[in-house]
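As a plain string of letters, each chain reads:
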Amino acid sequence: MWQVPALQALGVAAPGGGVGATLHLPAAYVLLSPICEGYDALTLLTLSEHGALLGWLLVLFGAFRVVRRHRRRMANLRRRAAHSEGLLVAAFVLSFVAWYSVGALVPRPMAAIALGDRDELAVDVHSHTSASHDGRRSFDAESSRRWHAAAGYAAVYVTDHRSFRGAVAGERGNPRRAGDGTVLFSGLESAAAHSRILMLGAREGMGLEHDGQADLQRLAADTDVVVVLTVPASLARAPGLRLDAVESSDGAPRGLMFTQRLAPEIARFAQSRGLARVAGSNNHGWGRTASAWTVLRIPGWRAM
């Protein structure tokens, strides 16, 4: 097994406890490491960092063209030359888009979490399938299961927008025992109080959402559903919500920007409310990189 000591723990649920984990790198990942590590780094950029990367690449490309023109004594460009430069800029932008598209669409080996305790399991509390309006059309429940299995997740909450189709399909394909494969559970993502929440364990027929908005009164009375504050969120307006946990890491570019910028505020908010701090991939079927894992310790979970 190829392994590197890799993971930073954001929090430990049990006092004095800890998580012994490394990243498992498949042989194919190691062989293709320049490609895999490059795209992993790209996937973990925030929304503003993606914009900055494009901006700097355009500046460097423009500087390269200016120097090249100067060396060839082409300072006084004619219209034809200017047109050629425009085509080169367009080709550069198209190459940039193609580079991103390969990372988002083409399968590649994934780095996976490897836990040292058999009673520990990695969970994703925030994921989507093609049942969400913004999910990749080909990313059905079984595609989600394969993606999460490759990243080392043992359990996944399918939290689509306004739909339980992905969750229902995922539960139909679950193994008989939890330890025999990645298990998909039902959930839902909704808007609430200028924020967004995940309702883990929500099912069709509970009536916990209407037109994309969470029914807060009904949710407050349903203690079987775990409520997680996700992004975008207004921490100042969230105290009125019934919450059990808050995302300390959200794997989408916008989520990464939010959770990195407000990391101290999120930590203080969680501590003041006695909330668990969890991580979600917020995966919609794009890319092959997991940014964080929620690790639970449940003795005997594999036989459940």
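Scroll up a little and you will see the structure.
Residues numbered from 1 in each chain as written. Predicted model: local features only at pLDDT ≥ 70, side-chain atom pairs only at ≥ 80, totals over all residues. Heavy atoms only, no water.

Enquirer: I keep staring at a nonpolar patch on the surface and nothing clicks. Help me out?
Expert: Taken together, Leu58, Val89, Val93 and Val97 make up a surface patch of nonpolar side chains, about 270 Å² in accessible area. By the secondary structure assignment, Val97 is in helix H4 (residues 79-105). (Patch = residues over 30% accessible without salt bridge, like charges linked within 9 Å, V, L, I, M, F, W, Y side chains within 5 Å. Areas by Shrake-Rupley, 256 points an atom, 1.4 Å probe, with all protein chains shown as cover. Salt bridge = Lys/Arg side-chain N within 4 Å of Asp/Glu carboxyl O. Helix = DSSP H or I, 4+ residues; strand = E, 2+ residues; numbered from the N terminus.)

Enquirer: It is not clear to me how the side chain of Thr259 should be interpreted in this structure. Could you clarify?
Expert: Relative to the helices and strands, Thr259 is located in helix H8 (residues 253-261). Among the polar contacts listed, one links the side chain of Thr259 to the backbone oxygen of Gly255, at a separation of 2.8 Å. A distance of 3.4 Å separates a polar side-chain atom of Thr259 from the backbone oxygen of Leu256. Discounting chain neighbours no more than four positions away, the residues touching Thr259 are Val231, Glu247, Ser248, Ser249, Asp250 and Ile266. (Polar contact = N/O pair within 3.5 Å; in protein donor to acceptor, adjacent residues only side chain to side chain. Contact = heavy atoms within 4.5 Å.)

Enquirer: Which parts of the structure should I look at to understand the environment of Met110?
Expert: Position of Met110 relative to the elements: it lies in the loop between H4 and strand S3 (112-115). Here Met110 falls in the buried class, since its relative accessible area comes to 3%. C-alpha separation for the pair Met110 and Pro26, spaced 84 residues apart in sequence, amounts to 7.4 Å. (Buried < 20%, exposed > 50% of the residue type's maximum accessible area, 1.4 Å probe, protein only.)

Enquirer: Before we go on, may I ask you to explain the environment of Glu189 in this structure?
Expert: Residue position: Glu189 is located in strand S6 (residues 183-192). The class of Glu189 is buried, set by a relative accessible area of 4%. Sequence-distant contacts of Glu189, defined by excluding residues within four places in its chain, comprise His126, His128, Thr159, Asp160, His161, Arg162, Arg196, Ile197, Leu198, Glu209, Thr230 and Val231. A distance of 3.0 Å separates a polar atom in the side chain of Glu189 from a polar atom in the side chain of His126. Only 3.0 Å separates the side chain of Glu189 from the side chain of His128, close enough to count as a polar contact.

Enquirer: I keep staring at helix H5 (residues 141-150) and nothing clicks. Help me out?
Expert: Of all the residues in H5, the buried ones are Ala141, Ser143, Ser144, Arg145, Trp147 and His148. The inward-facing, buried residues of H5 contact strand S4 (120-127), strand S5 (155-158), helix H6 (165-172) and S6. Looking one or two residues past H5, Gly152 carries a phi angle of roughly 90 degrees, positive in sign.

Enquirer: Whenever I open this one, unusual backbone geometry confuses me. Can you help?
Expert: Phi is mostly negative for residues that are not glycine, and the peptide bonds are mostly trans. Backbone geometry places Asp211, a non-glycine residue, at a positive phi of 55 degrees. You can see Asp211 is positioned in the loop between strand S8 (209-210) and strand S9 (213-214). Asp211 sits in the exposed class, given a relative accessible area of 69%.

Enquirer: What's the story with the packing of H8 against helix H9 (residues 263-273) in this structure? I'm lost.
Expert: How two helices pack is summed up by the angle between their axes together with the distance between the axes. At a closest axis distance of 4 Å, the pairing of H8 and H9 adopts a crossing angle of 70 degrees. Comparing the axis directions of H8 and H9 gives the class roughly perpendicular. For the pair H8 and H9, the contacting residues are Phe258, Thr259, Gln260 and Arg261 in the first and Ala263, Pro264, Glu265 and Ile266 in the second. Residue composition of the contact of H8 with H9, by class: four nonpolar, two polar and two charged. (Axes fitted to C-alpha atoms, helices over the stretch in contact; angles between N-to-C directions. Parallel < 35°, antiparallel > 145°, perpendicular 65-115°, else oblique. Nonpolar A, V, L, I, M, F, W, Y, C, P; charged D, E, K, R; others polar.)

Enquirer: Which parts of the structure should I look at to understand the packing of aromatic side chains?
Expert: Any two aromatic rings considered together are summarised by their centre-to-centre distance and by the angle between their planes. Scanning the model with the defined rule gives six aromatic pairs in all. On the basis of an interplanar angle of 40 degrees and a centroid distance of 4.7 Å, the ring pair of Phe96 and Tyr100 is categorised as tilted. Here Tyr100 and Phe96 lie together in helix H4, a separation of four residues that amounts to about one turn. Its relative accessible area of 23% is what places Tyr100 among the partly exposed residues. With centroids separated by 5.7 Å and ring planes inclined at 90 degrees, the aromatic side chains of Trp99 and Tyr100 adopt a geometry described as edge-to-face. (Phe/Tyr/Trp six-rings, centres within 6.5 Å; stacked < 30°, edge-to-face > 60°.)

Enquirer: Whenever I open this one, the nonpolar core confuses me. Can you help?
Expert: Most often, soluble globular proteins have nonpolar side chains that are buried together. Among the nonpolar cores identified, the biggest contains 25 residues, and Ile197, Met199, Leu219, Leu229, Leu241, Leu243 and Phe269 are the most heavily contacted of them. Breaking this core down by element, the ones donating at least two residues are S6, strand S7 (195-200), strand S10 (226-230) and H9. No other element matches the three residues that H9 contributes to this core. Counting residues in each nonpolar core, the second largest holds 15 residues, with Ile113, Ala122, Ala151 and Tyr153 among its members. (Core = buried A, V, L, I, M, F, W, Y, C linked by side-chain atoms within 4.5 Å.)

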